[in-house]
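If you want the building blocks of each chain, they are given just below.
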Amino acid sequence: MRQAVWMGLFSLLLAVLVPALLLQPIQEPEPETVALVISPAESKPEPQEAMIVRLKSGQSILELPLEEYLTGVVLSEMPASFELEALKAQAVAARTFALRQMEGGKHPDCDLCSDGSCCQAWNSRETIEQKLGDGWLQYWSKAEEAVQQTAGEVLTYAGQLIDAVYFSCSGGATEAAAAVWGGEVPYLQSVSSWGEEDAPPFHSETAVSLERFRSAILAENPEADLSGPASGWFGELTRTAGGGVETLEIGGRPFSGTSLRTLFGLKSAKFDVAIEEGQIVFQVSGYGHRVGMSQYGANAMAKAGSDYRAILQHYYTGVTIETKT
Ligand SMILES: [Zn+2]
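Draft legend 1. The arrangement of the sheet that holds strand 3 (residues 112–113) in detail. Strand order in this open sheet of 3 strands is 2-1-3, and the pairing throughout is mixed. Single-partner strands in this sheet number two, and they are strand 2 (60–65) and strand 3. As judged from the 2 bridges shared by strand 1 (residues 52–57) and strand 3, these two strands associate in the parallel manner. Directly across from Leu-55, in strand 3, lies its bridge partner Leu-112. Together, strand 1, strand 2 and strand 3 form the strand contacts of helix 2 (residues 66–77), whose direction differs from that of strand 2 by roughly 110 degrees.

The structure is reproduced here in structure tokens:
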């Protein structure tokens, strides 16, 4: 009887415990957290390939590394004897200009051309050697240094590459883009540019015979009245913020300073006009369109101790210097 009770209890125990054990979920080990952090050794960047510029030079299209192209531009656009900080400012402006053209510029079949009146002046190492003669290697190394010390640096405004225009000599102040080309550009404003007085292009003179002057003006605007003596030809003259000629009334018709610059091959549109000994004489200040960075002004700033960053931020209003990798 007692054995039967024990057997009964044992059966009951089995009946309760076995299903309970079977129903108990099997404890699985916690999965190990997989770290998604890749160690620095595994995240080595791909080696950077040199950016290649497709450059039209004469009839051929050359492909050359950006930095080599820029060395050729610096030595073609700026006197090699200029201060290193001025050459560095030139290198950053030239790099910015080039990258902007590479994003989609004026040439459908290449990135840029080597013509300074269209894109940026560029000459090959061989041509520069011939042009500079003795001591050329010292200048080449200096320009290379200017490019390397500013490697990857470009100018931006509101996150976009700027139109980094530059010119030789302002004659005392630069012009806003709007005054010369008509469109407002926030970073291309008129700024003072001191220290250029000793620069050869600071002052120039262009004399035009009365006959040539008359025929050129009438070809430009046949309605101009140049029938009387030359002393009566000129009327009101208005100037831009940078001191350039905005308009000059000739024979009762307005002519823009930029059109007169083109018409008579003046070095800039900043000029005075006089009638001297039967000639029209233009007394001209500066050289170039005078918008953006003045190269002689940059050199004057560098001589006075400014670095290339201060130079660029003086001539390009409100820009940021960024490194593009
Ligand atoms: Zn071009």
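That covers the picture; the talk isn't over yet.
Draft legend 2. How the structure looks around the environment of Gly-278. Among the structural elements, Gly-278 can be located in the loop between strand 11 (271–276) and strand 12 (279–285). Distance in space between the C-alpha atoms of Gly-278 and Leu-210 is 6.5 Å, their sequence separation being 68 residues.

Draft legend 3. The nonpolar core, seen in detail. Residues Tyr-69, Leu-155, Met-293, Leu-312 and Tyr-316 are the most contacted members of the largest nonpolar core, which totals 57 residues. Of the residues that make up this core, three or more belong to each of domain 1 (52–164 + 292–323) and domain 2 (165–288). Sequence-distant contacts of Tyr-316, defined by excluding residues within four places in its chain, comprise Ala-93, Leu-155, Ile-162, Ala-164, Val-165, Tyr-166, Tyr-187, Leu-188, Gly-292 and Met-293.

Draft legend 4. Seen up close, the side chain of Arg-290. Its place among the elements puts Arg-290 in the loop between strand 12 and strand 13 (293–294). Excluding residues that lie within four positions of it along the chain, Arg-290 makes contacts with Phe-167, Cys-169, Ser-170, Ala-173, Thr-174, Glu-175, Gly-242, Gly-243, Gly-244, Ser-268, Lys-270 and Ser-285.

Draft legend 5. Quick peek at the coordination of the zinc ion. The zinc ion binds to the protein through His-107 (NE2), Cys-113 (SG), Cys-118 (SG) and Cys-119 (SG); the donor distances cover 2.1 to 2.3 Å. Angles of 102 to 118 degrees at the metal separate the 4 donor atoms of the zinc ion, which places the site in the tetrahedral class. The motif formed by the donor residues of the zinc ion, counted along the single chain, is H-x5-C-x4-C-C. Judged by relative accessible area, which is 8%, Cys-113 ranks as buried. Residue Cys-118 is classed as partly exposed on the basis of its relative accessible area of 24%.

Draft legend 6. The arrangement of the packing of aromatic side chains in detail. For the structure on display, the rule yields 8 aromatic pairs. Consider the rings of Phe-82 and Tyr-296, whose centres lie 5.1 Å apart with planes at 70 degrees: the pair is edge-to-face. One end of the pair, Phe-82, is in the loop between helix 2 and helix 3 (84–102); the other, Tyr-296, is in helix 9 (residues 295–303), with 214 residues separating them in the sequence. In this structure Phe-82 comes out as buried when scored by relative accessible area, which is 6%. Ring centres 5.1 Å apart and planes at 10 degrees place the aromatic pair Phe-213 and Phe-264 in the stacked group. Here Phe-213, found in helix 7 (residues 210–220), pairs with Phe-264, found in helix 8 (residues 257–264); they are 51 residues apart in sequence, far enough to count as distant. Residue class for Phe-213 comes out buried when judged on its relative accessible area of 1%.

Draft legend 7. Broad picture of the environment of Phe-202. With respect to the secondary-structure elements, Phe-202 resides in the loop between helix 6 (177–181) and strand 7 (203–209). Separated by 30 residues in the primary sequence, Phe-202 and Gly-172 have C-alpha atoms spaced 8.4 Å apart. Beyond its immediate stretch of four places on either side in the chain, Phe-202 contacts Cys-169, Gly-171, Gly-172, Glu-196, Glu-197, Val-284, Ser-285 and Gly-286.

Draft legend 8. The pairing of strand 8 (residues 234–239), seen in detail. As judged from the 4 bridges shared by strand 8 and strand 9 (residues 245–250), these two strands associate in the antiparallel manner. Opposite Arg-239, over in strand 9, you have Val-245 as the bridge partner. Hairpin connection between strand 8 and strand 9: a loop of 5 residues separates the two successive antiparallel strands, and Gly-243 in this loop has a positive phi of roughly 95 degrees.

Draft legend 9. Quick look at the packing of helix 2 against helix 5 (residues 136–149). Interhelical geometry of helix 2 versus helix 5 gives an angle of 120 degrees and a closest axis separation of 9 Å. Taken together, the axis directions place helix 2 and helix 5 in an arrangement best described as oblique. In this structure, helix 2 crosses over helix 5, and the sense of that crossing is right-handed. Each of Glu-67, Leu-70, Thr-71, Gly-72, Val-74 and Leu-75 in helix 2 lies in contact with helix 5, whose residues at this interface are Tyr-139, Trp-140, Ala-143, Glu-144 and Val-147. Broken down by class, the residue content of the contact of helix 2 with helix 5 amounts to 7 nonpolar, 2 polar and 2 charged.

Draft legend 10. Here's a closer look at the layout of surface pockets. When its volume is computed, the largest pocket comes out at roughly 620 Å³. Contributing to the lining of the largest pocket are 21 residues, with Glu-77, Gly-116, Tyr-166, Phe-167 and His-289 lying nearest its centre. Secondary structure elements with two or more residues in the lining of the largest pocket: helix 3, strand 6 (166–167) and helix 9. Here the lining of the largest pocket is built from residues that sort into 10 nonpolar, 7 polar and 4 charged. The residue makeup of the lining of the largest pocket includes at least three contributed by each of domain 1 (52–164 + 292–323) and domain 2 (165–288). Each pocket or cavity is described by its volume, and for the second largest pocket that value is around 300 Å³. Lining the second largest pocket are 19 residues, with Val-180, Gly-257, Thr-258, Arg-261 and Ala-269 positioned closest to its centre. When contributions to the lining of the second largest pocket are tallied by element, the ones reaching two or more residues are helix 6, strand 9 and helix 8.

The rules behind these values
Residues numbered from 1 in each chain as written. Predicted model: local features only at pLDDT ≥ 70, side-chain atom pairs only at ≥ 80, totals over all residues. Heavy atoms only, no water. Pairing = 2+ DSSP bridges. Helix = DSSP H or I, 4+ residues; strand = E, 2+ residues; numbered from the N terminus. Contact = heavy atoms within 4.5 Å. Axes fitted to C-alpha atoms, helices over the stretch in contact; angles between N-to-C directions. Core = buried A, V, L, I, M, F, W, Y, C linked by side-chain atoms within 4.5 Å. Buried < 20%, exposed > 50% of the residue type's maximum accessible area, 1.4 Å probe, protein only. Domains from an automatic or database assignment. Donors = N, O, S within 2.8 Å, 3.2 Å for Na, K, Ca; no water. Tetrahedral: all angles 85-135°; square planar, octahedral: opposite > 155°, others 65-115°. Phe/Tyr/Trp six-rings, centres within 6.5 Å; stacked < 30°, edge-to-face > 60°. Parallel < 35°, antiparallel > 145°, perpendicular 65-115°, else oblique. Left-handed = near helix turned anticlockwise from the far one by under 90°. Nonpolar A, V, L, I, M, F, W, Y, C, P; charged D, E, K, R; others polar. 1 Å grid on protein atoms, 1.4 Å probe; cavity = no way out; pocket = protein on both sides within 12 Å on 5 of 7 lines; lining within 4 Å. Points joined across faces, edges and corners; volume = space filled by probe spheres on them.

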